[in-house]
Amino acid sequence: MAAFGFASGLASFFLVERNESLAQVIALLMLLSWAWLILERWLRLGIIKRFGFKMPPAVMRFATQMVHQESLFFTLPFFLAATTWNHGQLVFTLLLITCALISLIDPIYYNWLAPKRGLFVAFHALTLFAVLLVVNPLLLNLDTGQSLILALVLALLFSLPSLKGFIPSGRWWRLPLISLMLVVMATGAWQIRSWIPPASLRMTEITLSQQMDREQRVPGDSIRNIDVASLHRDGLFAWTAVRAPRGLNERIHHLWLLNGNEVDRITVDIVGGRDQGYRAWTHKLNFPVNAEGNWQVRVVTDSGQLIGLTRFTVEPASE
């Protein structure tokens, strides 16, 4: 089952590249498996009541593990392709890889993770959160900000049955405390949203250049170092190609940072569906007088998720 989950994950990733309608079917099946998992307790009680048959606990544990495996290996190719590895997004993707490995190793999954209710709830919620980040844009054509909010809300709501087990029943403060826990978790996740790769978007190329062929829509030679006089005279083009699912319209921003401080933000609208990525560029001419130092150009979504970045250095004018 683990091998099948890994293979289906890779297949779904390439289907998004080649045939999105088939990928949408896979995404829908993935959601249905989670619907079954969420309703499992009520279905099990219904079977007992109607047929008098009790599902063995081992079977239910195996089914839960299978859904976790399928989900993690389904989402991993998307996050591996979208992660900016020299950024904090590395932490989120490594966490998903770790969860995928845990789901494969029965002694760790059953003997270490499952008995620890708090860890298991977090594992469960993170897996569902990752699935929704991938599935929402494919099925609903949501942009990354809408997808992030919906995934966060649904993952927390579906964690409610597990959260109730932490708090004694019959207490008047049970509902307010659960609500407070949900708000705290949602706020914390939103604060670190830049560390969550936008699974529906992928940077295929980013180039900084002083020339741009507007007819061919291609940049000139890439630069990593430039002197301050040339920078003020000619400015810089930031050329990007961003891959997005067909039908997805997204607003992105080119952020220009000097020594870690934002000095400019230029907005670009992109349209999904192009194999090489949607090509767009911005031309920055207005640089500060004291422009020497370490620069970054970050490409981010409206919600603040990082798509990609590049760096360059501005040096003193040559004598």
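Predicted model only: the values in this text are computed from it and were never measured.

### Re the overall build of the protein
- On a plain count of helices and strands, the protein comes out with 11 helices and 10 strands.
- Here the protein, with 319 residues, has 44% of them falling under the buried criterion.
- In the protein, 69% of the contacts between residues at least 6 apart in sequence involve partners at least 24 apart.
- Here the protein has roughly 16400 Å² of accessible surface; of this, 61% comes from carbon and sulfur atoms.

### Points about the side chain of His-87
- Within the secondary structure, His-87 is located in the loop between α4 (57-82) and α5 (89-104).
- Exposure remark for His-87: the relative accessible area of 16% places this residue in the buried category.

### Description of the UniProt feature "transmembrane region" (unreviewed entry) in the protein
- UniProt's feature table lists "transmembrane region" (unreviewed entry) at residues 22-39, 59-80, 92-112, 119-139, 145-163 and 175-192, given in the numbering used throughout.
- For the annotated span residues 119-139, helix accounts for 100% and strand for 0% of the residues, and the straight-line distance between the end C-alpha atoms is 30 Å.

### As for the packing of helix α7 (residues 117-140) against helix α8 (residues 144-158)
- Between α7 and α8, the least distance of the axes is 8 Å, while the angle of their chain directions is 140°. Judged by the inter-axis angle, α7 sits oblique to α8. Of the two elements, α7 crosses α8, and the hand of that crossing is right-handed. Note on element contacts: α8 touches α7 through Ser-147, Leu-148, Leu-150, Ala-151, Leu-152, Leu-154, Ala-155 and Phe-158, opposite Ala-125, Leu-128, Phe-129, Leu-132, Leu-133, Asn-136, Pro-137 and Leu-140.

### Overview of the pattern of salt bridges
- Per the stated rule, a full pass over the model turns up 4 salt bridges.
- A salt bridge links Asp-269 to Arg-251; the shortest N-O distance between them is 3.2 Å. Of this pair, Asp-269 sits in strand β7 (residues 261-271) while Arg-251 is found in strand β6 (residues 249-258), placing the two residues 18 residues apart along the sequence.
- For Arg-251, a relative accessible area of 42% corresponds to the partly exposed category.
- Notably, a salt bridge pairs Glu-262 with Arg-265, separated by 3.2 Å at the nearest N-O pair.

### A short note on the side chain of Lys-284
- For Lys-284, the position within the fold is in strand β8 (residues 278-284).
- Overall, the relative accessible area of 3% leaves Lys-284 in the buried class.
- Looking at Lys-284, its side chain comes within polar contact range of the side chain of Asp-264, at 2.9 Å.
- A polar atom in the side chain of Lys-284 sits 2.6 Å from the backbone oxygen of Asn-286.
- If near-sequence neighbours (up to four positions away) are discounted, Lys-284 is found in contact with Gly-235, Leu-236, Trp-256, Asp-264 and Ile-266.

### What about the sheet that holds strand β10 (residues 306-315)?
- Spatially, β4-β10-β9-β6-β7 is the arrangement adopted by the 5 strands of the open sheet, whose pairing is mixed. Each edge of the open sheet carries a strand with a single partner, namely β4 (225-227) and β7. Ignoring strand direction, the axes of neighbouring strands in this sheet form an average angle of 25°.
- Summarising the sheet, β6 and strand β9 (residues 293-301) pair through 7 bridges and their orientation is antiparallel.

### Some remarks on the packing of aromatic side chains
- As enumerated under the stated definition, the model contains 9 aromatic pairs in all.
- Ring centres of Tyr-109 and Tyr-110 lie 5.1 Å apart, and the angle between their planes is 85°; this geometry places the pair in the edge-to-face category.
- Judged by relative accessible area, Tyr-109 falls into the buried class, the value being 2%.
- Using a relative accessible area of 22% as the deciding quantity, one classes Tyr-110 as partly exposed.
- Note on Trp-256 and Phe-287: the rings are 5.8 Å apart at their centroids and 85° apart in plane angle, and the pair reads as edge-to-face. Here Phe-287 lies in the loop between β8 and β9 and Trp-256 lies in strand β6, a separation of 31 residues in the sequence.

### Structural notes on unusual backbone geometry
- With a phi close to 60°, Arg-217 is a non-glycine residue in the positive phi region.
- Following the sequence through the fold, Arg-217 ends up in the loop between β2 (212-213) and β3 (218-219).

### Quick notes on the sheet that holds β8
- Taken in spatial order, the 3 strands make up an open sheet running β1-β5-β8, and their pairing is antiparallel. Of all the strands in the sheet, the pair left with one neighbour each is β1 (202-209) and β8. On average, each strand axis in the sheet is inclined to that of its neighbour by 15°, with strand direction left out of account.
- By the bridge criterion, 7 bridges tie β1 to strand β5 (residues 236-243) in an arrangement that is antiparallel. When the sheet's bridge partners are listed, Met-203 is paired in β5 with Val-242.

How each quantity is defined
Residues numbered from 1 in each chain as written. Predicted model: local features only at pLDDT ≥ 70, side-chain atom pairs only at ≥ 80, totals over all residues. Heavy atoms only, no water. Helix = DSSP H or I, 4+ residues; strand = E, 2+ residues; numbered from the N terminus. Buried < 20%, exposed > 50% of the residue type's maximum accessible area, 1.4 Å probe, protein only. Contact = heavy atoms within 4.5 Å. Areas by Shrake-Rupley, 256 points an atom, 1.4 Å probe, with all protein chains shown as cover. UniProt positions renumbered as here; feature names shortened; annotations may be inferred. Axes fitted to C-alpha atoms, helices over the stretch in contact; angles between N-to-C directions. Parallel < 35°, antiparallel > 145°, perpendicular 65-115°, else oblique. Left-handed = near helix turned anticlockwise from the far one by under 90°. Salt bridge = Lys/Arg side-chain N within 4 Å of Asp/Glu carboxyl O. Polar contact = N/O pair within 3.5 Å; in protein donor to acceptor, adjacent residues only side chain to side chain. Pairing = 2+ DSSP bridges. Phe/Tyr/Trp six-rings, centres within 6.5 Å; stacked < 30°, edge-to-face > 60°.

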